[in-house]
Amino acid sequence: QGLVKAGKLKVLAATSEKRLPTFPDLPTISESGYAGFTSGAWYAMVTRAGTPAANIDSMNRALNTAMTLPAVKASLDKDGYISDAGATPAQTSAFIAAEIKKWAKLTKDAGVKFD
């Protein structure tokens, strides 16, 4: 952010689905003419298969609560993160599955080979 606000770096667009809270006037790539393009870093808490649903729900509630704490929210906002506080375990699983599918297709279509 510092370089942008100092005028030493020009940002053309955000790769996120929504505009960034730290740069509300910055358009997204989709808004700039590349509809459907999104890419960004994301974080999720995962656990091993077979973990009891009650445990997963408890961890999810604790994480969602933490994400809404003013200090946590301020830190995330300052760094340009868009919080998905309130996401359910099912929504997170669906998001991860969609990301795997998206990037697998992209790497296959591009002919990327892994050693």
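Residues numbered from 1 in each chain as written. Predicted model: local features only at pLDDT ≥ 70, side-chain atom pairs only at ≥ 80, totals over all residues. Heavy atoms only, no water.

A word on the packing of aromatic side chains
Cut-off, in case you're wondering: In this scheme Phe, Tyr and Trp rings, the latter by its six-membered ring, pair at centre separations within 6.5 Å, and the angle between planes marks the pair as stacked below 30 degrees, edge-to-face above 60, and tilted otherwise. Numbering of helices and strands starts at the N terminus; helices are DSSP runs of H or I of at least 4 residues and strands are runs of E of at least 2. Working definition: with a 1.4 Å probe on protein chains only, accessible area under 20% of the residue-type maximum means buried, over 50% means exposed, and in between means partly exposed.
Scanning the model with the defined rule gives 2 aromatic pairs in all. A centroid spacing of 5.2 Å and a plane angle of 85 degrees characterise the contact between W42 and F95, whose relative ring orientation is edge-to-face. In this pair, W42 is assigned in the loop between helix 1 (2-5) and helix 2 (53-67) and F95 in helix 4 (residues 89-109), connecting sequence segments 53 residues apart. For W42, a relative accessible area of 37% gives the class partly exposed. With a relative accessible area of 38%, F95 lands in the partly exposed category.

Description of the pattern of salt bridges
To keep it simple, the criterion reads: Salt bridges are counted wherever a side-chain nitrogen of Lys or Arg sits within 4 Å of a carboxyl oxygen of Asp or Glu.
Overall, the coordinates contain 4 salt bridges when judged by the stated rule. Between E31 and R19 there is a salt bridge, with its nearest N and O atoms 2.9 Å apart. In this pair, E31 sits in the loop between helix 1 and helix 2 while R19 sits in the loop between helix 1 and helix 2, placing the two residues 12 residues apart along the sequence. Taking relative accessible area as the criterion, E31 reaches 46% and is therefore assigned partly exposed. On the basis of relative accessible area, R19 is assigned to the partly exposed category, the value being 36%.

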